[in-house]
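Structural overview for review
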Amino acid sequence: SNSQPLHTDGSYIPNFPNATIMCCISNTVSGGETIFLDLKKLVNILDSDKPELLEFLFNEEVLHERSGYTNKKKILSIEDNKLKINFNYFCISRKNSKKILENIDKFFDYINTSKNVKENIYPLKLNIGEAVFWKDSEVLHGRNSFVPTRDSERFLWKAAIEIGK
């Protein structure tokens, strides 16, 4: 029921599937919207507000690790002429340099507190039977908090999938 900050899935797994599908089974809670932040909007906001942080995100490789998997890549990159992101704060390895960890903390704090970021977040509350797909490396996602009154009041199936590139 806690909120989940903006992130990508599988940041620590090399060659993680490139998309996600989430289907609603039950969702009668107050709150709990899945939130999205378009990557191009984020880059524009950072370019205006925090250009030094944007430069770090495009230039430094950052090690993510979890469950025995590791993946080292830049947070922001351009691949196949597309803007890409690989970021999950809770999977950032403590093996990264002090400078990298400090910049990651700045980025995490910024995307969670910036008025400009908050104004560009799109909340989506799925109804029973609805689904949403997204390219995981092309958008950040998270979740607003919610207050359940019974088990499984908000129940969404989620799966990582590989779709055409």
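In case you missed it, the structure is sitting above this.
Residues numbered from 1 in each chain as written. Predicted model: local features only at pLDDT ≥ 70, side-chain atom pairs only at ≥ 80, totals over all residues. Heavy atoms only, no water.

Take Glu119: it is sitting in the loop between helix H4 (115–118) and strand S9 (122–124). Expressed as a C-alpha distance, the spacing of Glu119 and Leu37, which sit 82 residues apart in the sequence, is 9.7 Å. (Helix = DSSP H or I, 4+ residues; strand = E, 2+ residues; numbered from the N terminus.)

Moving on, we come to the environment of Leu140. Topologically, Leu140 is positioned in strand S11 (residues 139–143). Under the relative-accessibility criterion, Leu140 is labelled buried at 1%. Remark: the alpha-carbon pair of Leu140 and Thr8, spanning 132 residues in sequence, is separated by 5.7 Å. Residue contacts for Leu140: discarding those within four places in its chain leaves Leu6, His7, Thr8, Ile35, Phe36, Leu37, Leu42 and Ile85. (Buried < 20%, exposed > 50% of the residue type's maximum accessible area, 1.4 Å probe, protein only. Contact = heavy atoms within 4.5 Å.)

At a minimum axis distance of 12 Å, the contact between helix H1 (residues 39–49) and helix H3 (residues 98–113) shows a crossing angle of 110°. Comparing the axis directions of H1 and H3 gives the class roughly perpendicular. Where H1 approaches H3, its residues Leu42, Ile45, Leu46 and Asp49 are matched on the opposing element by Phe107, Tyr110 and Ile111. Considering only residue class, the contact of H1 with H3 consists of six nonpolar, no polar and one charged. (Axes fitted to C-alpha atoms, helices over the stretch in contact; angles between N-to-C directions. Parallel < 35°, antiparallel > 145°, perpendicular 65-115°, else oblique. Nonpolar A, V, L, I, M, F, W, Y, C, P; charged D, E, K, R; others polar.)

Keep in mind these numbers describe shape, not what the thing actually does.
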